[in-house]
Amino acid sequence: MNLSLSDIVPPLRWTAPSQVEPIASDPGLPNSWWQALPIDRACATVGPAQIAAKLADLTSACWGHLILGDIMPLLRFTAPAESQRTPGSRDSVRLLFAGVLDRLMDTEPLNPLASVPPAVPERPLPEIIDELFQRLDDRQRAIARDRLYAEHRATLDELAQRFSVTRERIRQIERDLRDHVDNWLRGQEATPLTAHLTWLRTRLGSAVPADDLAAAVPWHRTELGTLGIPAWRFVRTLLTGYDQVDGWLVAGGADELREKTRQLFTDGPVPLAEAVGMVAQLGVREDVGERWLGAVPQLRLLEGHVVPWPRSVNDKAEAVLAVAGTPLTPEEIQTRIGEDYSLVGIRNQLTADERFLRLDRNKYGLARWGGEEYLGIREMIAREIVKAGGEASVNTIVASLTSRYEVSESSVRAYAGGPGFERTQRGWIRVAGAEPADYQPRRDVSMTRRCFRSRDGRWWHRVDVNPEHLRGSGSPLPTGFAAHLGMAPGGQLTASTPQGEVVISWHNQPTMGSIRPILAEYNAGEGDHVFLTVSDGGELLTRFLPQGAAGLPPLNKALHLIGYTAPVASEAEGLRLIGARIGLPDGAGKDDVLGRLRERGDRDILLYL
């Protein structure tokens, strides 16, 4: 038998090898065996059951949008009814494939493809199709032309009036026409067309621009003489399982495929070439992948990337910055969003949303990038003085600030000589006042996101474990929590743990060193939580909390995020507990709790309330 598996399973010829290889490879078979090895040798090596199992796995992963007869055309002869359906359970598909392979092995001397028609029919297909409609009378052909296969379908009333019959009679003729075509398709005369439809489904994939159907082969544009329409309109009606939506032919439902596509990009921007490969796993051909991505609502092609594109300007600004990878001005962000958002509104959102950090006089970046927040020239001079130990030369301050920010030397010198600063004996400057005050953050710990007070009065910070923590990377701490621990810019705190020391330093922003040994001790995974604080004796105290169960009620999920896992009797009790943990006085109402959470930026808790 000189047939490879790809000869009887056409999708193996157009599916990307990168998708086939991980599923189909077998240690007992050579690379690309489905193309290079005869079926009988592959079956003799690992058995037909193993080959059928791999085909079933490929069907589930790559070809769920195809009918089974298009995946393995021989099923049209061995299991005609099942061949017209899309794949069901893996086991049922495996048994169907195994049945074909077993019959091939039992009848090896025969040519299993003898009944498959040649790729090129003896007569042009438009001529064959025309013969089907030549058997109809003028009224039937008119209804076929103007209703069944028209771009703009005539109504039942229009046709009934034209032919002086009832609407129901037109409906009956329409039904008879469909039955006429269906019966013809099951006959030998239509074999070249059914073979073409099988090839066409594999070429179209799960989504393709509707215009692609007309251009698929030259004869699709040929006019059918009996109906006066291009042949592709007739062919389109035979592609069952495809919906035409917004200029696209989509297999299995447009809404479902769009949602599957959106889910691929929930983690943020993806380079376009990689994104095209990702949607190819959904059956979208790589040559139309970029167009499909541009057509899916709530996705956008942006500077060579595919990004989630939700409704809020905050989310769009985050996507723009993530793709840019560098700080941008509000004007640049507005231009790249390219929609009707005011510059004032964008600037306000950049200032209020904790996802963004002002990194220069008129530039913003993402907070997760790190970096020192720019607060204005006067505040930056004060920070330079604190870093220097309480006083610094004006020349040093000027050199530092003008090299890092878009500020002029004259502006820095003007602020340094103005109110708020005074000269020391050696001619340097310090913050005005006899003694420098303790560092005061913009938000104290009670107004800091993910910080919660326990019953003993200690404030704890919740760390949501992510892959960076598990790899041993350091992580930023909120300035309000670091200041609560007694730190200030330029300072350092070393906390002890049974697993070793953890260093918390404050250069551009407070940063905690690796807590990987602590996470390993708890056997923590991504999505778990660790609450931590530092005792008066310099010990890093930690409390571990696994991520909440999926079935928890919303209120209990909110309580879980503040570290409270016991049952509560009512919503009022739950809100009282949350209020106490975020520093509100007894008696605070629901609006007070929600308002404080909103000010702090605890969006994850608000989501459940």
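Note that the structure is a prediction, hence the values are computed from the model and not measured.

1. A short note on the pairing of strand 5 (residues 248-251)
Stage number 1. Across the two faces of strand 5 the burial is the same, with Trp248 and Val250 and Leu249 and Ala251 all buried.
Stage number 2. Sheet analysis places strand 1 (residues 207-209) next to strand 5, joined by three bridges and oriented antiparallel. Counterpart to Ala207 in the pairing with strand 5 is Val250.
Stage number 3. Here strand 4 (residues 242-245) runs beside strand 5; their pairing, made up of four bridges, is antiparallel. If you follow Val245 over to strand 5, its bridge partner there is Trp248.
Stage number 4. Hairpin connection between strand 4 and strand 5: a loop of two residues separates the two successive antiparallel strands, and Asp246 in this loop has a positive phi of roughly 50 degrees.

2. Looking at the pattern of salt bridges
Two side chains of opposite charge can pair, provided their charged atoms sit close to one another.
Stage number 1. If you walk through the whole model with that rule in mind, you get 49 salt bridges.
Stage number 2. Across the pair Glu127 and Arg123 runs a salt bridge whose closest N-O atoms are separated by 3.2 Å.
Stage number 3. Classification of Glu127 by relative accessible area gives partly exposed; the value is 38%.
Stage number 4. Under the relative-accessibility criterion, Arg123 is labelled partly exposed at 30%.
Stage number 5. Taking the shortest distance from any N to any O, the salt bridge between Glu303 and Arg336 comes out at 3.0 Å. One end of the pair, Glu303, is in the loop between strand 7 (299-302) and strand 8 (305-308); the other, Arg336, is in helix 22 (residues 330-337), with 33 residues separating them in the sequence.
Stage number 6. Taking relative accessible area as the criterion, Arg336 reaches 26% and is therefore assigned partly exposed.
Stage number 7. Ionic contacts of the salt-bridge type, sharing partners, join the residues Asp315, Glu318, Asp353, Arg355, Arg368 and Arg603 into one network.

3. Regarding helix 31 (residues 571-581)
Stage number 1. Residues Gly574, Leu575, Leu577, Ile578, Gly579 and Arg581 constitute the buried set of helix 31.
Stage number 2. Of the surrounding secondary structure, the elements contacted by the buried residues of helix 31 are strand 13 (451-453), strand 14 (459-464), helix 30 (554-561) and helix 32 (590-600).
Stage number 3. Of the residues one or two after helix 31, Gly583 is the one with positive phi, at around 90 degrees.

4. Considerations on the side chain of Arg600
Stage number 1. Here Arg600 is to be found in helix 32.
Stage number 2. Contact partners of Arg600, with chain neighbours within four places excluded, come to Glu354, Arg443, Val445, Ser446, Met447, Thr448, Arg449, Arg450, Cys451, Phe452, Trp459 and Ile582.

5. As for the nonpolar core
Stage number 1. Phe133, Tyr149, Leu193, Trp219 and Phe234 are the most contacted members of the largest nonpolar core, which totals 42 residues.
Stage number 2. At the level of elements, helix 11 (125-134), helix 12 (138-148), helix 13 (156-163), helix 14 (167-185), helix 15 (191-204), helix 17 (231-238) and strand 5 are the ones that each hand at least two residues to this core.
Stage number 3. Counting residues per element, this core draws most heavily on helix 14, which supplies six residues.
Stage number 4. Contact partners of Trp219, with chain neighbours within four places excluded, come to Leu125, Pro126, Ile129, Leu193, His196, Ala231 and Val235.

6. Brief notes about the environment of Asp315
Stage number 1. Mapped onto the secondary structure, Asp315 falls in helix 21 (residues 313-324).
Stage number 2. Note on Asp315: relative accessible area 24%, which makes it partly exposed.
Stage number 3. Separated by 40 residues in the primary sequence, Asp315 and Arg355 place their C-alpha atoms 9.4 Å from one another.
Stage number 4. If we ignore the near neighbours within four places in the chain, the residues touching Asp315 are Pro310 and Arg355.

7. Focus on the packing of helix 25 (residues 394-404) against helix 26 (residues 409-416)
Stage number 1. Contact geometry for helix 25 and helix 26: axes closest at 10 Å, N-to-C directions at 135 degrees. Judged on the interaxial angle alone, helix 26 and helix 25 are oblique. For the pair helix 25 and helix 26, the crossing hand works out as right-handed. Along its contact with helix 25, which presents Val394, Asn395, Ile397, Val398, Leu401 and Thr402, the element helix 26 presents Glu409, Val412, Arg413 and Ala416.
Stage number 2. Of the residues that constitute the contact of helix 25 with helix 26, the class distribution is six nonpolar, two polar and two charged.

8. A closer look at the pairing of strand 14
Stage number 1. With five of its six residues buried, strand 14 lies for the most part within the structure.
Stage number 2. When strand 13 meets strand 14, the two strands line up antiparallel, connected through three bridges. Bridging from a neighbouring strand, Arg453 pairs with Trp459 of strand 14.
Stage number 3. Where strand 13 folds back on strand 14, the antiparallel hairpin that results is connected by five residues, among which Gly457 adopts a positive phi of roughly 95 degrees.
Stage number 4. As paired strands, strand 14 and strand 19 (residues 529-534) are joined by four bridges and run antiparallel to one another. Counted as the bridge partner of Val463 is Val530 from strand 19.

What counts, and at which threshold
For every chain, the first residue of its written sequence is number 1, and the numbers climb from 1 along that sequence. Thresholds applied to this predicted model are a pLDDT of at least 70 for local features of residues and 80 or more for the giving and counting of side-chain atom pairs; totals over whole chains, interfaces and linings are not thresholded and use all residues. Calculation of side-chain values draws on the structure's entire complement of heavy atoms; hydrogens and water are dropped beforehand. Between buried and exposed lies partly exposed: a residue is buried under 20% and exposed over 50% of the maximum accessible area for its type, with that area taken using a 1.4 Å probe on protein chains only. Secondary structure counts use DSSP, requiring at least four H or I residues in a row for a helix and at least two E residues in a row for a strand, with both numbered from the N terminus. DSSP calls a pair of strands paired once it identifies at least 2 bridges connecting them. Salt bridges are defined as contacts in which a side-chain nitrogen from Lys or Arg sits within 4 Å of a carboxyl oxygen from Asp or Glu. The criterion used for residue contact is that any of the two residues' heavy atoms lie within 4.5 Å. Buried Ala, Val, Leu, Ile, Met, Phe, Trp, Tyr and Cys residues that are joined via side-chain atoms within 4.5 Å together make up what is termed a nonpolar core. For helices, the fitted axis covers only the stretch in contact; all axes are lines through C-alpha atoms, and the angles between them, taken along N-to-C directions, range from 0 to 180 degrees. Any angle from 65 to 115 degrees is called roughly perpendicular, while one under 35 is roughly parallel, one over 145 is roughly antiparallel, and all others are oblique. Crossings are assigned a handedness: left-handed for a near helix turned anticlockwise from the far helix by less than a right angle, right-handed for a clockwise turn. Three classes are used: nonpolar for Ala, Val, Leu, Ile, Met, Phe, Trp, Tyr, Cys and Pro, charged for Asp, Glu, Lys and Arg, and polar for all others, with Gly counted as polar.

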